[in-house]
Amino acid sequence: MAASNLSLAHHANSAYDRTTTISITGTVTRWQFINPHCGIWLQVSQEDGTTIEWAGEFQSVQDLYRFFGWNKDTFQPGDEVTILGNPDRRDGHASMWVSEVIFADGTRVDVRNTP
Amino acid sequence: MQIRKNNRAARLLAAVATIACLTVCSNAYSQYAPAGAPDLTGVWQRTFPGNSSLMEEMPMTEWASERFARAKPLHGPRTASATEANAAEIRCLPMGFPGYYYRPRPFEIFQLPDRLLMLFEVDNFWRVVHLDGREFPEVPLHTWNGTSIGHYEGDTLVVETRHILGWESESNQRWLDRLGHPFSDELVLTERIRRIDDETMEIEVTVDDPVAYSEPVSGTLTFGTKSYELAEFICNELMLSQLPEMRPEQ
């Protein structure tokens with residue numbers, strides 16, 4: 001799979017399978033802290049030794065800042081993180097609507113837990 | 001020359017007073033509002049479901065039904081993906097009223113002697129409700145959010161809004177909510193706004209739009225106070241997104 005096909009995610013979550021939660025661990029390559037939705041990209045190693053890029057879509061800047069104190073520096077390239085969320089329904093789209101993040105120190109943040 | 005200087009000084013003073021008032025007077029609404037008028041100041045956000053409509057069965061005309069069928073919302077039972085949706089919000093275009101209220105975003109109300117201001121976090125948008133007794137302009141200027149004129153009736157602020165740009169085309173959808181119920185240029189929106197208790201505000205909305213609805217449509221929207229301050233929200237950052245499917249086809 002080419003990386004250019006992978007960083008696809010939807011504004012609305014209809015593209016994501018809300019009945020399934022998956023977990024992906026990888027190395028941060030990009031963190032896009034913008035409205036209306038934020039995005040993260042991870043380089044993920046596969047069993048055959050190759051790597052693919054996964055994309056994760058979050059809610060807005062205001063939600064992530066207001067309720068979790070996140071900002072444009074929350075993730076740096078090279079950080080190891082795990083993201084959990086609902087996968088894209090379509091074949092060949094390595095992306096998810098993120099529900100939870102596990103940082104390298106074990107801290108877990110349930111990003112859907114907003115008032 | 002001296003007069004001109006004095007005028008400039010007076011204008012400057014008025015501007016400073018207005019700015020000072022925006023920050024200081026917001027809690028002193030009562031000195032401007034008639035006795036018994038509601039204190040609506042504060043930060044508010046909807047407590048009703050965002051994927052709802054004013055009425056469960058909207059009495060749509062044929063004009064509206066046809067356009068409703070062509071709507072591709074981002075929310076509700078007919079949710080489309082971002083690349084397929086034609087909701088105004090996916091293009092960061094204004095939603096008008098009452099559409100804005102359905103966003104899960106706070107807005108702040110300031111009450112001044114001659115107007116009430118609503119500052120919306122989403123899109124960094126502001127709305128003015130004129131309270132100075134003016135009439136709607138004889139020659140209407142249709143705009144994204146229309147012209148709003150209000151007056152107090154006891155514990156209620158009554159606001160009438162006209163001249164909101166209505167449904168235009170497949171790519172320029174104008175809805176009452178996030179589900180795709182269209183409105184026309186003829187929309188007359190009446191809001192009866194009152195404070196229910198320390199933490200709750202209620203807006204009774206009536207939509208009179210004979211082009212789109214065979215009878216007036218009414219519903220009550222409730223809002224809760226929020227402790228946080230508004231922040232900058234530039235929706236157009238969407239155009240910078242490297243998540244390509246966050247934005248519609250160009």
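## A closer look at the overall build of chain A
Phase 1: In terms of regular secondary structure, chain A is built from 1 helix and 6 strands.
Phase 2: When the helices and strands of chain A are placed in sequence order, the string is β-β-β-α-β-β-β.
Phase 3: Sorting the 115 residues of chain A into buried and exposed places 55% on the buried side.
Phase 4: The long-range fraction of contacts in chain A, counting pairs at least 24 apart against all pairs at least 6 apart in sequence, stands at 58%.
Phase 5: In the structure as shown, chain A presents an accessible area of about 5,200 Å², 46% of it carried by carbon and sulfur atoms.

## Re the state of the cysteines
All names here are of chain B.
Phase 1: In total, this model carries 1 disulfide over all chains according to the counting rule given.
Phase 2: Disulfide pairing places C92 opposite C235 at an S-S distance of 2.1 Å. Judged by the sign of its S-S torsion, about -75°, the bond between C92 and C235 is left-handed. Linking C92 in the loop between α2 (62–70) and β2 (107–111) with C235 in the segment after β9 (217–225), this pair joins segments that are 143 residues apart in sequence. With respect to burial, C92 and C235 carry one shared label: buried.

## Regarding the pairing of strand β7 (residues 188–197) of chain B
Residue and element names in this part refer to chain B.
Phase 1: Bridging between strand β6 (residues 156–162) and β7 involves 6 bridges; their strand directions are antiparallel. In the strand pairing of β7, T156 is matched with R194.
Phase 2: In this sheet, strand β8 (residues 200–208) lies alongside β7 in antiparallel orientation, the contact comprising 9 bridges. Each bridged residue has a counterpart across the sheet, and for V188 the counterpart in β8 is D208.
Phase 3: Adjacent in sequence and paired antiparallel, β7 and β8 are bridged by 2 residues.

## A few points about the pattern of salt bridges
All names here are of chain B.
Phase 1: A full pass over the atoms with the stated rule returns 16 salt bridges over all chains.
Phase 2: In this structure, R70 and E66 form a salt bridge, with 3.0 Å as the shortest nitrogen-oxygen distance. A residue pair is termed a helical-turn pair when its members lie 3 or 4 positions apart in one helix, as R70 and E66 do in helix α2 at 4 residues.
Phase 3: Taking relative accessible area as the criterion, R70 reaches 31% and is therefore assigned partly exposed.
Phase 4: For E66, a relative accessible area of 41% gives the class partly exposed.
Phase 5: Ionic pairing is found between R70 and E170, a salt bridge with its closest N-O pair at 2.9 Å. In this pair, R70 sits in helix α2 while E170 sits in the loop between β6 and β7, placing the two residues 100 residues apart along the sequence.

## Digging into the packing of aromatic side chains
Phase 1: Scanning the entire structure with this criterion turns up 25 aromatic pairs over all chains.
Phase 2: Pairing F75(A) with F103(A) gives two aromatic rings, centres 5.3 Å apart and planes at 5°, and the pair type is stacked. Pair noted here: F75(A) is in the loop between α1 (61–68) and β4 (80–87) and F103(A) is in the loop between β5 (95–102) and β6 (108–110), with a separation of 28 residues, a long-range link.
Phase 3: Overall, the relative accessible area of 2% leaves F75(A) in the buried class.
Phase 4: Looking at R67(B), its charged tip hangs above the ring of W167(B), at a distance of 4.8 Å from the centre.

Conventions adopted
- Residues numbered from 1 in each chain as written.
- Chains lettered and ligands numbered in written order.
- Predicted model: local features only at pLDDT ≥ 70, side-chain atom pairs only at ≥ 80, totals over all residues.
- Heavy atoms only, no water.
- Helix = DSSP H or I, 4+ residues; strand = E, 2+ residues; numbered from the N terminus.
- Buried < 20%, exposed > 50% of the residue type's maximum accessible area, 1.4 Å probe, protein only.
- Contact = heavy atoms within 4.5 Å.
- Areas by Shrake-Rupley, 256 points an atom, 1.4 Å probe, with all protein chains shown as cover.
- Disulfide = S-S within 2.5 Å.
- Pairing = 2+ DSSP bridges.
- Salt bridge = Lys/Arg side-chain N within 4 Å of Asp/Glu carboxyl O.
- Phe/Tyr/Trp six-rings, centres within 6.5 Å; stacked < 30°, edge-to-face > 60°.
- Lys NZ or Arg CZ within 6 Å of the ring centre and 35° of its normal.

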